[in-house]
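# Structural features, examined
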Amino acid sequence: MPVPLLDLRAQYASFKDEVLPVIAEICDAQQFILGAKVETFEKEVAAYCQSERAIGVTSGSDALLVALMAEKIGPGDEVITTPFTFFATVGAIVRVGAKPVFADIDPVTFNIDPAAIEAKVTAKTRAIIPVHLFGQAADMDPIMAIARKHGLIVIEDACQAIGAEYRGKRVGSIGDYGAFSFFPSKNLGCFGDGGAVTCTDNAKADMVKILRNHGQSKTYFHEYVGGNFRLDALQAAVLSIKLRKLDSWSAARQSNAADYEKMFADAGLTDGRITLPAKAPYVVRHIYNQYCIRVADGKRDALRDYLHQQGIGCAVYYPLSLHLQPCFAELGGKPGDYPESEKASAEVLALPIYGECTLSQRQMVVDAVKAFYQGK
Ligand SMILES: *Cc1c(COP(=O)(O)O)cnc(C)c1O
């Protein structure tokens, strides 16, 4: 494929010499679970996220799950979140036995609309999970104000947004908890699955740490029923090395986004046929985990198929609003309930944005989109 949606091989080549000896060192020591490498990475990632603490876990999905467990959120409780996100955000709520309650999104940022949240608060509401989708922060000030007014916990789903900033604050440091994913396609990805929970409150962080290892505060003495949510030493070591390069990789994505803006405008395509991602006024730093354009006039699927035929990687994040997923049918969601989320599902298309994607490759993307509209 001339332009893949994501190609991690060039990135890997840039730190291969650094990472392989560290992997060999861990293999020689045969110390794979938690330990010094994990503790070091936890300190580094907490500092990077401007949070008091970070706890390494198995994945972003488990980061969300363990944060909900730490708050003892479960049956009879409601958690407000967005219907336009990766499945795991809502999956975590259902897995603890709580009920997800959706609030529609802001069409500009694709993030939960704070104005839609308050009407959804009931006596059963325990938490809000805003998602910083595609690498851009949700509007956290009004979300925090609603949460404080009603005594709700805020868990930021920052899985796509490590290093993103809201009014000068790093995501994951604003709410009570931040959930991060180190799935390979995220801006900071490990060599498998990994994740972290950030907390500003030490007592909350201690609870997450206990739950991460089967609720034991002392070996084989279990105060709570937790789970195996432990991060591997190998993943932590890879992440420590990659974290030092993250800012330069995110800067390359920002620079690619700025180029696209100019290139699509020069191609005359920003006349309403496509809409480029917009930065919210409160966003200081968008890290572009995805570069999602909107395609108007019902042409999204046709454009996607055309780009694939031309060897241009692109993908739909996400094609079905979560209130319409078969597994959540019990919640009674119907088409039309969350019009902005449903519209986004029908219009979004992610284009290659990774840092190593060259200017000529990006030109091929823009040329192919142009050719599609010229009927070629
Ligand atoms: C990736 C992602 C998750 C889940 O992370 P995993 O590490 O894949 O479990 C959760 N929420 C969002 C918004 C994500 O993008």
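Structure first, text after, so check above.
This text gives an overview of the structure that appears in the document.

### Some words on the layout of surface pockets
In this structure, the largest pocket occupies an estimated 450 Å³ of space. Around the largest pocket, the lining is made up of 30 residues, and of these Gln160, Phe183, Ser185, Lys186 and Tyr318 lie nearest the centre. For the lining of the largest pocket, the secondary-structure elements that each account for two or more residues are helix H4 (60–70) and helix H5 (87–95). Considered as a void within the structure, the second largest pocket measures approximately 160 Å³ in volume. Taken together, Leu34, Gly35, Val38, Glu39, Glu42, Lys209, Ile210, Arg212, Asn213, Gln216 and Ser217 make up the lining of the second largest pocket.

### Examining the site of the ligand
Near the ligand, the surroundings consist of 14 residues, among which Gly60, Ser61, Gln160, Ser181 and Lys186 are the closest. The side chain of Gln160 places a nitrogen or oxygen atom 2.8 Å from an oxygen atom of the ligand. Within the side chain of Lys186, an N or O atom sits 2.8 Å from an oxygen atom of the ligand. Relative to its unbound accessible area of 380 Å², the ligand is 93% covered by the protein chains. Applying the majority rule of atoms within 2 Å of the grid points places the ligand in the largest pocket.

### Overview of the environment of Ala237
As for its position among the elements, Ala237 is in helix H9 (residues 233–243). For the pair Ala237 and Pro184, spaced 53 residues apart in sequence, the C-alpha to C-alpha distance is 14 Å. When residues no more than four places from it in sequence are discounted, the contact partners of Ala237 are Val22, Ile26 and Lys37.

### Some thoughts on helix H3 (residues 36–48)
With 13 residues, H3 ought to run about 18 Å at 1.5 Å a step, and its terminal C-alpha atoms sit 18 Å apart, in line with that. Within the span of H3, buried status applies to Val38, Phe41, Glu42, Val45, Ala46 and Tyr48. An end-on view of H3 places all buried positions within 155° of arc, on one side of the element. Of the residues in H3, the exposed ones pointing more than 90 degrees away from the buried face are Ala36, Lys43 and Ala47.

### Observations concerning the sheet that holds strand E14 (residues 291–295)
Pairing is antiparallel across the open sheet formed by 3 strands, whose spatial order is E12-E14-E15. The sheet is open, and its two edges are formed by strand E12 (274–275) and strand E15 (348–351), each paired on a single side. Across 2 bridges, E12 lies against E14 in antiparallel orientation. Within E14, the position partnered with Thr275 by the bridge is Arg294. In this fold helix H10 (residues 246–266) packs onto E12, E14 and E15, with an angle of close to 25° to the strand it touches most, E14. Sheet contacts for helix H12 (residues 339–347): E14 and E15; angle to E14, the most-contacted strand, approximately 95°.

### Focus: the packing of aromatic side chains
Applying the stated rule across the entire model yields 19 aromatic pairs. Geometrically, the ring pair formed by Phe84 and Phe134 is edge-to-face, given 6.3 Å between the ring centres and 85° between the ring planes. Within this pair, whereas Phe84 is found in the loop between strand E2 (78–81) and H5, its partner Phe134 is found in the loop between strand E4 (125–129) and helix H7 (140–150), the two being separated by 50 residues in sequence. Assigned by exposure class, Phe84 and Phe134 land together as buried. Ring geometry for Phe110 versus Phe134: centroids 5.5 Å apart, planes at 75°, classification edge-to-face. Separated by 24 residues along the polypeptide, Phe110 in the loop between strand E3 (99–102) and helix H6 (114–117) and Phe134 in the loop between E4 and H7 bring together distant segments of the chain. The burial state of Phe110 is the same as that of Phe134; both residues are buried. Joined through ring pairs, the aromatic side chains of Phe84, Phe86, Phe110, Phe134, Tyr317 and Tyr318 make up one cluster. We note Arg273 situated over the ring of Tyr373; from NZ or CZ to the ring centre the distance is 5.0 Å.

### A look at the environment of Ile73
You can see Ile73 is positioned in the loop between H4 and E2. Overall, the relative accessible area of 4% leaves Ile73 in the buried class. It is 10.0 Å that separates the C-alpha atoms of Ile73 and Ile153, two residues lying 80 residues apart in sequence. When residues no more than four places from it in sequence are discounted, the contact partners of Ile73 are Leu68, Val79, Val96, Ala98, Arg126 and Ala127.

### Considering H10
Under the 1.5 Å per step criterion, the end-to-end length of H10 is 30 Å for 21 residues, consistent within 8% with the ideal 30 Å. Among the residues of H10, Leu246, Trp249, Ser250, Arg253, Asn256, Ala257, Tyr260, Met263 and Phe264 are the ones counted as buried. With its buried residues spanning 140° around the axis, H10 presents them on a single face. For H10, the exposed residues set more than 90 degrees away from the buried face come down to Lys262 and Asp266. Looking one or two residues past H10, Gly268 carries a phi angle of roughly 70°, positive in sign.

Conventions adopted
Residues numbered from 1 in each chain as written. Predicted model: local features only at pLDDT ≥ 70, side-chain atom pairs only at ≥ 80, totals over all residues. Heavy atoms only, no water. 1 Å grid on protein atoms, 1.4 Å probe; cavity = no way out; pocket = protein on both sides within 12 Å on 5 of 7 lines; lining within 4 Å. Points joined across faces, edges and corners; volume = space filled by probe spheres on them. Helix = DSSP H or I, 4+ residues; strand = E, 2+ residues; numbered from the N terminus. Near = heavy atom within 4 Å. Polar contact = N/O pair within 3.5 Å; in protein donor to acceptor, adjacent residues only side chain to side chain. Areas by Shrake-Rupley, 256 points an atom, 1.4 Å probe, with all protein chains shown as cover. Sits in = over half its atoms within 2 Å of the grid points. Contact = heavy atoms within 4.5 Å. Expected span 1.5 Å × (residues − 1). Buried < 20%, exposed > 50% of the residue type's maximum accessible area, 1.4 Å probe, protein only. Arc of directions from axis to C-beta. Pairing = 2+ DSSP bridges. Axes fitted to C-alpha atoms, helices over the stretch in contact; angles between N-to-C directions. Phe/Tyr/Trp six-rings, centres within 6.5 Å; stacked < 30°, edge-to-face > 60°. Lys NZ or Arg CZ within 6 Å of the ring centre and 35° of its normal.

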